Amino acid sequence: MAIRQVYLLIHLTETWRTALDSGSLVAVAYFRKAFDISDEAKKRFYITGMLLDFLKCYLSERRQFRRLNGTKSDMLWVSIGIPYGTVLGPTLVTVFTNEMPTSVHLGSLYMFADDTTVFCIGDSPDMAIAHGCT
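Note that the structure is a prediction, hence the values are computed from the model and not measured.

**Re the packing of aromatic side chains**
Throughout the structure, instances matching the rule amount to 2 aromatic pairs. Aromatic pair Trp 16 and Phe 119: ring centres 5.6 Å apart, planes at 80°, arrangement edge-to-face. With Trp 16 in helix H1 (residues 3-21) and Phe 119 in strand E7 (residues 115-122), the pair connects residues that are 103 residues apart, well separated along the chain. When the centroid spacing of 6.0 Å and the interplanar angle of 5° are considered together, the rings of Tyr 110 and Phe 119 count as stacked. The class of Phe 119 is buried, set by a relative accessible area of 4%. Put simply, the rings of Trp 16, Tyr 110 and Phe 119 pair up and form one aromatic cluster. Geometry around Trp 77 places Arg 63 over its ring, the cationic atom sitting 5.5 Å from the centre. If you follow Lys 72 out to its NZ or CZ, it ends over the ring of Phe 65, 4.5 Å from the centre.

**Things to note about the nonpolar core**
By size, the foremost hydrophobic cluster in this structure holds 5 residues: Leu 55, Tyr 58, Leu 59, Ile 82 and Leu 92. In terms of residue count, the dominant contributor to this core is helix H3 (residues 49-59) (3 residues).

**A look at a nonpolar patch on the surface**
On the surface, Ile 3, Tyr 7 and Ile 10 cluster together into a nonpolar patch covering about 350 Å² of accessible area. The topology assignment puts Tyr 7 in helix H1.

**Digging into the confidence of the model for the protein chain**
In low-pLDDT regions, the fine details of the predicted coordinates are not to be read closely. The predicted model of the protein chain averages 76 in pLDDT, with 78% of residues at 70 or higher. No element of the protein chain has a lower mean pLDDT than helix H2 (residues 39-44), at 53, and none a higher one than strand E4 (residues 71-72), at 92.

Basis of the calculations
Residues numbered from 1 in each chain as written. Predicted model: local features only at pLDDT ≥ 70, side-chain atom pairs only at ≥ 80, totals over all residues. Heavy atoms only, no water. Phe/Tyr/Trp six-rings, centres within 6.5 Å; stacked < 30°, edge-to-face > 60°. Helix = DSSP H or I, 4+ residues; strand = E, 2+ residues; numbered from the N terminus. Buried < 20%, exposed > 50% of the residue type's maximum accessible area, 1.4 Å probe, protein only. Lys NZ or Arg CZ within 6 Å of the ring centre and 35° of its normal. Core = buried A, V, L, I, M, F, W, Y, C linked by side-chain atoms within 4.5 Å. Patch = residues over 30% accessible without salt bridge, like charges linked within 9 Å, V, L, I, M, F, W, Y side chains within 5 Å. Areas by Shrake-Rupley, 256 points an atom, 1.4 Å probe, with all protein chains shown as cover. Salt bridge = Lys/Arg side-chain N within 4 Å of Asp/Glu carboxyl O. pLDDT = per-residue confidence, 0-100.

If you want it as structure tokens, here you go:
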């Protein structure tokens, strides 16, 4: 784990602990990889229509294998993530990471590589969600 990532995790944990200790609640959405998000989350970021259909087709129902020292593994189904070795993959990561900050209007956003954390703090669950998830 990179040192910056460790500092970020410490910062987030301390921020959330302080909020909880003061009686507030924390609503958190964490995306571990850029495209390991549900269809509902994609709709939340206003990806619809033909673009959503294309991304679903491109990012789902794929098979891949690994080759190590000349030995090829069996083909396995891949249900999440960006296809490795593609031209479009890096472009999609760039679009996702560049557009995410402009898509989050309230709450706090922290990004490290393609890991993204969005959180909101409120006095009740409804307040925490309303402050960051609009």
